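# Breakdown of the fold
Below, each chain spelled out in residue letters.
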Amino acid sequence: MDFVAPHLSDLNPSPRLLLGPGPSMVPPRVLSSMATPLVGHLDPDFLRILADVRRLLQYTFQTKNELTLAISGTGTAGMEAALCNLIEPGDRVLACIQGFFGQRLAELASRHGATVQTLEVPWGQVFDPERIRSALRASPAKLVTLVHAETSTGACQPEIEAIARFVHEAGALLILDVVTSLGGLPVSIDAWDVDVAYSASQKGLSAPPGLAPLTVGPRALQAIQRRSRPPVFYLDLLELQRYWGDPPAYHHTAPISSFYALREALRLVAEEGLPARHQRHLENAERLWNGLEDLGLEMLVPRHLRLPTLSTPRLPSGVEDALLRRRLLDEFGIEIAGGFGPLAGKIWRIGLMGHSSRRENVVLLLAALRELLARS
Ligand SMILES: *Cc1c(COP(=O)(O)O)cnc(C)c1O
């Protein structure tokens, strides 16, 4: 079949203001870092870049864990790496589900051969740590999976430290999804005593999608070292540890440009400092919440449980979800997302993550929504 390349136009996607659940806006410094000429994945310069990324991730996760790195893949690859390195056939997993991503953890755990027991709260709510404690007492498990920031609902699970204590009391390990919290609200892996946590490059960190930061604590590392059979090769954390080691052992060709970007994005996190960054996210989220209330929109999640990175107003009655979001995109170039599962057609999901969390973005979005709601 003939294919006439000159008929294709230049790459020219529309300019967008990304205020959805990710990807977030990427700062110019991070974008230009990706145009840096390549070096090889075993070049001493690149190994120094990996070492920088590790140190910057340790700061961002607030951990001293030596096994801290970024998986080549999106957040879901981080999720899958956490699960497949710890699950051996027949292991029992307690999956705590507050929304879509908690559900995905349960599904993937089962695909990796675990016997999964689920504990659920209605979408938009969070767990009382005592419920997890009693579930483990009634039925012990090797692993507990939990989402810190549930992007499908906008709710933030509090009391992670108490949950980790109950999990350890029961002799289990805690895997925590911090995809939508890392870089946007406090995450303290060591202080909370979390065993494995993973995130994604494109949400609170504001790098392009493609890398999944991940950290493994001493208990989990021991469990991984004691496995009788290794997990799938590509996500094998002991193999990856050797690649990130000194001297490095080839495992796969790291996506060089993506690592340039992640390093630059993390350098921006360190320059701003975590406390200032968290404060910025909170202030802009509060501006948004107040503005949405002024427009007559109610929020799904009560104030003390809301994520500053992802806000979920309920749709006003009579508004056509898809049509309004289409107009927001076509007329204003702004992306937000709808709800899914039980919340489809009921909420919007508005992200103020990383570089997207700016006062001027909040002002613009509120003005656009005001105009579109008045018309509908
Ligand atoms: C986005 C997200 C993921 C999955 O990340 P991908 O980069 O889309 O693979 C996992 N967990 C949560 C909470 C998320 O928001």
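What you are looking at is a predicted structure, and each value in this text was computed from that prediction instead of being measured. (Residues numbered from 1 in each chain as written. Predicted model: local features only at pLDDT ≥ 70, side-chain atom pairs only at ≥ 80, totals over all residues. Heavy atoms only, no water.)

A few words now on the overall build of the protein chain. Along its length, the protein chain carries 13 helices and 14 strands. Principal-axis analysis of the C-alpha atoms places the extent of the protein chain at approximately 65 × 55 × 50 Å. Residues classed as buried in the protein chain amount to 56% of the 376 residues present. Long-range contacts, defined here as pairs at least 24 residues apart, represent 72% of the contacts in the protein chain between residues at least 6 apart. Only carbon and sulfur atoms are counted for the fraction: they give 53% of the accessible area of the protein chain, which is about 16300 Å². With 37 positive and 39 negative side-chain charges, the protein chain shows a spacing of 2 Å between the two charge centroids. (Helix = DSSP H or I, 4+ residues; strand = E, 2+ residues; numbered from the N terminus. Buried < 20%, exposed > 50% of the residue type's maximum accessible area, 1.4 Å probe, protein only. Contact = heavy atoms within 4.5 Å. Areas by Shrake-Rupley, 256 points an atom, 1.4 Å probe, with all protein chains shown as cover. Lys, Arg positive; Asp, Glu negative; His and termini not counted. Charge placed at Lys NZ, Arg CZ, Asp CG, Glu CD.)

A word on the domain arrangement of the protein chain. Taken domain by domain, the protein chain consists of domain 1 (17-23 + 274-375) and domain 2 (28-270). The distance between the C-alpha centroids of domain 1 and domain 2 comes to 27 Å. When domain 1 packs against domain 2, the two sides together hide about 2200 Å² of surface, and 68% of this comes from carbon and sulfur. Applying the counting criterion to the domain 1 and domain 2 interface returns zero salt bridges. A total of five residues in the side of domain 1 that touches domain 2 trace back to one element, the largest contributor, which is helix α11 (residues 274-294). The residue inventory of the side of domain 1 that touches domain 2, partitioned by class, reads 15 nonpolar, nine polar and three charged. (Domains from an automatic or database assignment. Buried area = accessible area lost by both parts, 1.4 Å probe. Salt bridge = Lys/Arg side-chain N within 4 Å of Asp/Glu carboxyl O. Nonpolar A, V, L, I, M, F, W, Y, C, P; charged D, E, K, R; others polar.)

This part takes up the pairing of strand β2 (residues 67-72). Judged by how many residues are buried, β2 sits mostly within the fold: six of six residues are covered. Direction of pairing for β2 relative to strand β10 (residues 211-216): antiparallel, over a ladder of six bridges. Note on β10: the bridge partner recorded for L69 is L214. (Pairing = 2+ DSSP bridges.)

Extensive coverage of strand β8 (residues 173-177) is indicated by the burial of five of its five residues. Here β8 shows no split at all, with L173, I175 and D177 on one side and L174 and L176 on the other all buried. In this structure, strand β5 (residues 143-147) lies alongside β8, joined through five bridges in parallel fashion. Residue pairing in the sheet places L143 in a bridge with L173 of β8.

We now examine helix α2 (residues 44-61). Along its 18 residues, α2 runs 26 Å from first to last C-alpha, staying within 8% of the 26 Å computed at 1.5 Å per residue. Of the residues that open α2, the one with a side-chain oxygen 2.7 Å from the backbone nitrogen of D45 is D43. Of the residues trailing α2, Q62 is marked for its positive phi of about 55 degrees. (Expected span 1.5 Å × (residues − 1). Polar contact = N/O pair within 3.5 Å; in protein donor to acceptor, adjacent residues only side chain to side chain.)

A sheet is described by the order of its strands in space; here seven strands give the open sequence β2-β10-β9-β8-β5-β3-β4, paired in mixed fashion. Each having just a single partner strand, β2 and β4 (115-120) make up the two edges of the open sheet. Strand-to-strand twist in this sheet, taken as the mean axis angle between neighbours without regard to direction, amounts to 20 degrees. In the packing of helix α8 (residues 218-225) onto the sheet, the strands contacted are β2, β8, β9 (196-198) and β10, and the crossing angle to β10 comes to about 95 degrees. (Axes fitted to C-alpha atoms, helices over the stretch in contact; angles between N-to-C directions.)

The next thing to look at is the site of the ligand. Near the ligand, the surroundings consist of T74, G75, T76, M79, F101, A149, T151, D177, V179, T180, Q202 and K203. Residue T76 places a side-chain N or O atom 2.5 Å away from an oxygen atom belonging to the ligand. Summarising the interface, the protein chains cover 89% of the accessible area of the ligand, which totals 380 Å² for the free molecule. Of all the elements, helix α3 (residues 75-86) adds the most residues to the shell around the ligand, at three residues. (Near = heavy atom within 4 Å.)

Here we come to the sheet that holds strand β14 (residues 348-351). One open sheet holds the three strands; their spatial order is β11-β14-β13, and the pairing between them is antiparallel. Each of the sheet's edge strands pairs with one partner strand only, and the pair in question is β11 (310-311) and β13 (337-338). Where β11 lies against β14, two bridges are found, and the strand directions are antiparallel. Residue pairing in the sheet places L310 in a bridge with G351 of β14.

Counting 79 residues, the largest nonpolar core has I71, L94, V216, L237 and F259 as the members making the most contacts within it. If near-sequence neighbours (up to four positions away) are discounted, V216 is found in contact with N65, L67, D195, V196, L221, I224 and L237. Judged by nonpolar contacts, the second largest core, of 25 residues, contains A285, L297, I334 and I336. (Core = buried A, V, L, I, M, F, W, Y, C linked by side-chain atoms within 4.5 Å.)

The next thing to look at is the side chain of R54. Positionally, R54 belongs in helix α2. Setting aside chain neighbours within four positions, we find R54 in contact with E66, T68 and W244.

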